[in-house]
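# Observations on chain architecture
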Amino acid sequence: MNFKDTLNKRRSVRSLEKIEISDQDVKKLAKAASLAPSCFNNQPWNYVFVRDQDTIDEIVATMPAGNQKWTKNASMIVGVFAKKDDDCVLGDREYYLFDTGLATQNLLLQATEMGLVAHPIAGYNKEKTSHIMNIPDDYNLITLLVVGKRADEIASQLSDDQKKSEKNRPPRKDIDEIAFFEEFSG
Ligand SMILES: Cc1cc2nc3c(=O)[nH]c(=O)nc-3n(C[C@H](O)[C@H](O)[C@H](O)COP(=O)(O)O)c2cc1C
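### A closer look at the overall build of the chain
Looking only at helices and strands, the chain has 8 helices and 7 strands in total. Reported as C-alpha extents along the three principal axes, the dimensions of the chain are approximately 45 × 40 × 30 Å. Within the chain, contacts between residues separated by at least 24 positions form 78% of all contacts whose residues are at least 6 apart in sequence. Seen as two clouds, the 25 positive and the 29 negative side-chain charges of the chain have centres 5 Å apart.

Quick look at the structure:
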């Protein structure tokens, strides 16, 4: 797949079916994340890859109902975590979230190229999930990635809006709203 195709193919869909994810697959995803740039090459990102079904069920049970109804079909849940002091802090600029985001987008694109869905979510219980994943208190569990295979059929348990977004990417802001020539004029 070329870059443009991968970029366009990456989607946060919710109709998932189970697929076997090998250690080799996990290493490929982690390797892609590791190639991201970071402030002073600090590489603050960390990932826990959970494939054990009982542990997935435990994590899913911490989520709001809207997420539970589709994340229960995950083949893997990835915990993305980092700590502020592991990266540059320059005045009010704390780079650990930015740098972990860069690495995580690499991981999402790698997953897409491998034919997998990797859907980031913020809707989970941070304390309970950190405990399940054995993540120490001084790390911030920033997001979870729900990984699986895209199902051929749209999942019946999704809301109408969610079903709609399975077919078409949710709309984006116009380029004029986010990009400016020479100075900000918003
Ligand atoms: C940080 C973050 C948190 C998100 N949280 C959720 C979530 O809790 N539940 C959900 O269904 N989707 C969640 N999403 C997915 C977004 O809704 C989705 O990325 C957005 O609608 C754009 O669609 P696309 O990724 O298919 O282009 C989240 C995405 C990000 C990046």
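That shown, we press on.
### Description of the packing of aromatic side chains
Scanning the entire structure with this criterion turns up 4 aromatic pairs. Ring centres of phenylalanine 81 and tyrosine 139 lie 5.5 Å apart, and the angle between their planes is 75°; on these two criteria the pair is classed as edge-to-face. Within this pair, whereas phenylalanine 81 is found in strand E3 (residues 76–82), its partner tyrosine 139 is found in the loop between helix H6 (126–132) and strand E7 (140–150), the two being separated by 58 residues in sequence. We classify tyrosine 139 as partly exposed; its relative accessible area is 21%. A ring pair is formed by phenylalanine 180 and phenylalanine 184, whose centres lie 4.8 Å apart and whose planes are at 85°; its orientation type is edge-to-face.

### Focus: the site of the ligand
As a structural note, the neighbourhood of the ligand is formed by 14 residues, with Arg11, Ser12, Arg14, Arg169 and Arg172 the closest of them. Within the contact set of the ligand, an oxygen atom lies 3.0 Å away from a side-chain nitrogen or oxygen of arginine 10. Compared with its free state, where it exposes 620 Å², the ligand has 66% of that area covered by protein. Looking at the shell around the ligand, the elements that each hand over two or more residues are helix H4 (65–71) and strand E6 (117–121). Broken down by element, the shell around the ligand gets its largest block of residues, 3 residues, from E6. Among the residues forming the shell around the ligand, the class breakdown is 5 nonpolar, 4 polar and 5 charged.

### Describing a negative patch on the surface
Together, Asp52, Asp54, Asp57 and Glu58 give the surface a local cluster of negative charge. Relative to the elements of secondary structure, aspartate 52 occurs in the loop between strand E2 (46–50) and helix H3 (53–60).

### Focus: the pattern of salt bridges
Side-chain pairs of opposite charge can arise where the charged atoms are in close proximity. Taken as a whole and assessed by the stated rule, the structure comprises 4 salt bridges. Glutamate 17 is paired through a salt bridge with lysine 149; the nearest N and O atoms lie 3.5 Å apart. Placement of the pair is glutamate 17 in strand E1 (residues 16–17) and lysine 149 in strand E7, with a sequence separation of 132 residues. A relative accessible area of 28% means that lysine 149 is categorised as partly exposed. Put simply, lysine 83 and aspartate 138 hold a salt bridge, and the shortest N to O gap is 3.3 Å. Linking lysine 83 in the loop between E3 and strand E4 (89–90) with aspartate 138 in the loop between H6 and E7, this pair joins segments that are 55 residues apart in sequence.

Rules behind the numbers
- Residues numbered from 1 in each chain as written.
- Predicted model: local features only at pLDDT ≥ 70, side-chain atom pairs only at ≥ 80, totals over all residues.
- Heavy atoms only, no water.
- Helix = DSSP H or I, 4+ residues; strand = E, 2+ residues; numbered from the N terminus.
- Contact = heavy atoms within 4.5 Å.
- Lys, Arg positive; Asp, Glu negative; His and termini not counted.
- Charge placed at Lys NZ, Arg CZ, Asp CG, Glu CD.
- Phe/Tyr/Trp six-rings, centres within 6.5 Å; stacked < 30°, edge-to-face > 60°.
- Buried < 20%, exposed > 50% of the residue type's maximum accessible area, 1.4 Å probe, protein only.
- Near = heavy atom within 4 Å.
- Polar contact = N/O pair within 3.5 Å; in protein donor to acceptor, adjacent residues only side chain to side chain.
- Areas by Shrake-Rupley, 256 points an atom, 1.4 Å probe, with all protein chains shown as cover.
- Nonpolar A, V, L, I, M, F, W, Y, C, P; charged D, E, K, R; others polar.
- Patch = residues over 30% accessible without salt bridge, like charges linked within 9 Å, V, L, I, M, F, W, Y side chains within 5 Å.
- Salt bridge = Lys/Arg side-chain N within 4 Å of Asp/Glu carboxyl O.

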